[in-house]
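Single-letter residue listing:
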Amino acid sequence: MNNTFRTLIVAAAAAAVVLPGASAQAMATPVYKKPKIFGTTFQPDTGHDFSKRIHPRRNGILRGWITTVQGQVAEYEPIRWKKGTKTEGYFVGPPEGDVQAYASPISSSVRFLSAHGCKASMTDLTVDRRTGLGNKRCSRSTLIKRAKKPAPRPALITVHRGHIVQVQEIFTP
């Protein structure tokens, strides 16, 4: 009985030491399956009612781009790869008049993985050469500044519990 009680106390103490040091958001965020980076169709969000006001996408990873940021909320839409005739191709959003758009708050602990470095000049190439995805962690403020620029950047946008928790840029030359 004494050994069992000691074991419980040690386990509780270990949990108390581990939990404060870890982010509750990071611990709660599950791993989602990544879509094809250069997929040629828009990712469906079955059950999402686009006729109601703009709201977050369901939990998961969307191949998309952020179109606007107002305050702490980002609007974003799905994208697909369109094969080119003279080049390899390029990303396109939904056609004009299509209302496939979402809006979610940007988490205060968002992970922004840039394909072009964190500097304003965006001259550093920080890409995983195998996947074509950004791998340089930059600040939340850098993400917001880039999202406010006129040309949207293709990315894998992870939404968890209605918040954007990760944005990983897709490198396009």
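Per chain, the residues get numbers from 1 upward, laid out in the order the sequence is written. Where local features are concerned, this predicted model is filtered to residues with pLDDT of at least 70; where side-chain atom pairs are given and counted, the filter is 80 or more; whole-chain, interface and lining totals use all residues. Water and hydrogen atoms play no part in the side-chain values, which are based on all heavy atoms of the structure.

Quick question: what am I supposed to make of the overall build of the chain here?
Broken down by element type, the chain carries three helices and ten strands. Reading the chain from its N terminus to its C terminus gives the helix and strand order α-α-β-β-β-β-β-β-β-β-α-β-β. Across the 173 residues of the chain, 38% fall into the buried class. Considering only residue pairs separated by 6 or more positions, the chain has 64% of its internal contacts joining residues 24 or more positions apart. Shrake-Rupley sampling with a 1.4 Å probe provides the accessible areas, and residues are treated as covered by the protein chains on show and by no other component. Of the accessible surface of the chain, which amounts to about 10,800 Å², a share of 57% is contributed by carbon and sulfur atoms. For helices the rule is a DSSP run of H or I covering at least 4 residues; for strands it is a run of E covering at least 2, with both sets numbered from the N terminus onward. With a 1.4 Å probe rolled over the protein chains alone, any residue whose accessible area is under 20% of its type maximum counts as buried; one over 50% counts as exposed, and the rest are partly exposed. Here, two residues are considered to be in contact whenever any of their heavy atoms come within 4.5 Å of each other.

Which parts of the structure should I look at to understand unusual backbone geometry?
Despite not being glycine, R161 shows a phi value in the positive range, around 55°. Looking at where R161 falls in the secondary structure, it is placed in the loop between β9 (155–160) and β10 (163–169).

How should I be thinking about the pairing of β9 in this particular structure?
On any regular strand, side chains alternate: one points to one face of the sheet, the next to the other face. The element β9 is extensively covered by neighbouring structure, given that six of its six residues are classed as buried. A strand pair is defined by DSSP finding two or more bridges across the two strands. Relative to β9, strand β1 (residues 60–70) is paired through five bridges, and the arrangement is antiparallel. Its bridge partner lying in β9, I61 is registered against T158. Looking at chain direction, β9 and β10 are connected through six bridges and run antiparallel. Residue pairing across strands places H160 opposite H163, the latter belonging to β10. Counting the residues between successive antiparallel strands, the hairpin from β9 to β10 contains two residues, one of them, R161, with a positive phi of roughly 55°.

Can you help me understand the pairing of strand β4 (residues 89–92) in this one?
Here strand β3 (residues 80–83) pairs with β4 via four bridges, running antiparallel. Its bridge partner lying in β4, W81 is registered against F91. The turn linking β3 back onto β4 is made up of five residues.

Looking at this structure, how should I read the state of the cysteines?
By definition, a disulfide links two cysteine residues through a covalent bond between their sulfur atoms. Count a disulfide wherever a pair of cysteine sulfur atoms falls within 2.5 Å. Tallied over the full model, the rule gives one disulfide. A disulfide bridge connects C118 with C138, and the sulfur atoms are separated by 2.0 Å. Across the S-S bond linking C118 and C138, the dihedral sits near -95°, which makes this disulfide left-handed. One end of the pair, C118, is in the loop between β5 (102–114) and β6 (127–128); the other, C138, is in strand β8 (residues 136–138), and 20 residues separate them in sequence. C118 sits in the partly exposed class, given a relative accessible area of 30%. According to the relative accessible area criterion, C138 is buried, its value standing at 6%.

How should I be thinking about the side chain of R63 in this particular structure?
Relative to the helices and strands, R63 resides in strand β1. In this count, Lys and Arg are taken as positive residues and Asp and Glu as negative ones, while His and the chain termini are left out. One speaks of a salt bridge when a side-chain nitrogen belonging to Lys or Arg is within 4 Å of a carboxyl oxygen belonging to Asp or Glu. No salt bridge is formed by the buried R63. Its closest oppositely charged neighbour is E77, at 12 Å. Whenever a nitrogen or oxygen atom comes within 3.5 Å of another N or O atom, the pair is scored as a polar contact, on the condition that within protein one atom can donate a hydrogen and the other can accept it, and that pairs from neighbouring residues in sequence are kept only if both atoms are in side chains. A polar atom in the side chain of R63 sits 2.6 Å from the backbone oxygen of K36.

What's the story with the environment of I66 in this structure? I'm lost.
Note that I66 resides in strand β1. Residues contacting I66, with those up to four places away along its chain left out, are A74, E75, Y76, L143, A147, P152, I157 and V167.

These values are about where atoms sit, not about what they do.
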